[in-house]
Each structure stands twice: as C-alpha cells, then as structure tokens.
Amino acid sequence: MTLSVHGVHCELGEALKLHATEKLSTLDEKYFGRGLDASVTLSKTESKQFRVNIVQHSANKTFQADAVSRDAHQALDSACTKLAKQMRRMKQRIRDDHHNRDKRRLDRDLNESLIVPAS
C-alpha cells in the first residue's frame, strides 16, 4: 500500500491525512481490492480555496480527480466522490465485457453445433 498525502504551500494536519487515507482505502477495497497506490495533493488557490488532486493507480488503469472548495475536507470528499464514480464505471465496463464475452462464446458454440456439414 503506497499512499502519499502532501500539501503545496500549506501544512496538512494529521486529521486530514487520516481522512484521506480512510477514504481512499475504502474506495480501493470496495472496487478493486488489490492494494492502494495513490497520491493526494492539496494546495491553496489564489482565491483562498483548497484544491485537491488525487491520482490513483489500480487495475492497470489510472484514475484522476480534482476538486475545489473553501474547506479542505469538503474538497477531499468531492474529489473522492468523483474518483468513486470513475472506478464504479470502470468496474461496470469490466463486468459487462465479461458478461458479453460469455454470451458471445455461448452463441458461437450454439451456431457451430447447428451447422451440419453437407454430405
């Protein structure tokens, strides 16, 4: 499990680091469960808002989400929501592909069994 949480031009408290660790661990376990490899970067914008950038590598795919909010915890939650949406859609695509592959295989086998060679 590799998780880096760091701030750019701002100090991060332990509560925010713990919150980020819990959120990303939960997402990884829920959707893929193969170990966490993520980077969370928190920075302040010119308008005194917090920007959170999350990059997570899992299942041969890289997921990336950004969010901006006046509160750091809200920005993190919003970015995690976006990340969860991407991961959910990817997992659904994988499931659909596996389902369709089995269906195509069944159709092909059925068609091959119905073809009778001409004598």
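Student: Explain empty space enclosed by the protein to me, please; I cannot follow it from the model alone.
Tutor: One simple way to see leftover space: roll a probe sized like a water molecule over the atoms. Inspection of every chain in the model, using the stated rule, returns one cavity of 30 Å³ or more. If you add up the space inside the largest cavity, you get close to 30 Å³. Val5, Leu12, Leu16, Ala20, Val40, Leu42, Val52 and Leu76 together form the lining of the largest cavity. Elements supplying a minimum of two residues to the lining of the largest cavity: helix H1 (14-31) and strand S2 (37-44). Class assignment of the residues belonging to the lining of the largest cavity gives a composition of eight nonpolar, no polar and no charged.

Student: What is the right way to read a positive patch on the surface from this model?
Tutor: Together, Lys30, Lys61, Lys85, Arg88, Arg89 and Arg93 make up a positively charged patch on the protein surface. Counting residues per element, the positive patch draws most heavily on helix H2 (residues 72-114), which supplies four residues. The residue Arg93 is located in helix H2 in this model. Relative accessible area serves as the criterion here: at 53%, Arg93 is assigned to the exposed category.

Student: Before we go on, may I ask you to explain H1 in this structure?
Tutor: Helical periodicity: at 3.6 residues per turn, an α-helix aligns residues three or four positions apart in one direction. For H1, which comprises 18 residues, the first-to-last C-alpha distance of 26 Å matches the rise-based estimate of 26 Å (1.5 Å per residue) to within 8%. Residues of H1 that are buried: Leu16, Ala20, Leu24, Ser25, Leu27, Asp28 and Tyr31. Seen from one end, H1 has its buried residues packed into an arc of 160°, which puts them on one side. Turned more than 90 degrees off the buried face of H1, the exposed positions are Glu14, Ala15, Glu29 and Lys30. Immediately beyond the C-terminal end of H1, within one or two residues, lies Gly33, with a positive phi of roughly 65°.

Student: Is there a simple way to explain the sheet that holds strand S3 (residues 50-58) in this structure?
Tutor: Think of a sheet as strands paired side by side through backbone hydrogen bonds, with each pair either parallel or antiparallel. Within the open sheet, the four strands sit side by side as S1-S2-S3-S4. Their pairing is mixed. Of all strands in the sheet, those with a lone pairing partner are strand S1 (2-8) and strand S4 (61-69), marking the two edges. Ignoring which end each strand starts from, the neighbouring axes of this sheet average 10° apart. When S2 meets S3, the two strands line up antiparallel, connected through seven bridges. Within S3, the position partnered with Thr41 by the bridge is Asn53.

Student: Which parts of the structure should I look at to understand the pattern of salt bridges?
Tutor: Oppositely charged side chains are able to pair whenever their charged atoms sit close together. Inspection of every chain in the model, using the stated rule, returns one salt bridge. One salt bridge connects Lys23 with Asp77, and the closest N-O pair in it is separated by 3.7 Å. Separated by 54 residues along the polypeptide, Lys23 in helix H1 and Asp77 in helix H2 bring together distant segments of the chain. Residue Asp77 is classed as partly exposed on the basis of its relative accessible area, which comes to 27%.

How each quantity is defined
- Residues numbered from 1 in each chain as written.
- Predicted model: local features only at pLDDT ≥ 70, side-chain atom pairs only at ≥ 80, totals over all residues.
- Heavy atoms only, no water.
- 1 Å grid on protein atoms, 1.4 Å probe; cavity = no way out; pocket = protein on both sides within 12 Å on 5 of 7 lines; lining within 4 Å.
- Points joined across faces, edges and corners; volume = space filled by probe spheres on them.
- Helix = DSSP H or I, 4+ residues; strand = E, 2+ residues; numbered from the N terminus.
- Nonpolar A, V, L, I, M, F, W, Y, C, P; charged D, E, K, R; others polar.
- Patch = residues over 30% accessible without salt bridge, like charges linked within 9 Å, V, L, I, M, F, W, Y side chains within 5 Å.
- Areas by Shrake-Rupley, 256 points an atom, 1.4 Å probe, with all protein chains shown as cover.
- Salt bridge = Lys/Arg side-chain N within 4 Å of Asp/Glu carboxyl O.
- Lys, Arg positive; Asp, Glu negative; His and termini not counted.
- Charge placed at Lys NZ, Arg CZ, Asp CG, Glu CD.
- Buried < 20%, exposed > 50% of the residue type's maximum accessible area, 1.4 Å probe, protein only.
- Expected span 1.5 Å × (residues − 1).
- Arc of directions from axis to C-beta.
- Pairing = 2+ DSSP bridges.
- Axes fitted to C-alpha atoms, helices over the stretch in contact; angles between N-to-C directions.

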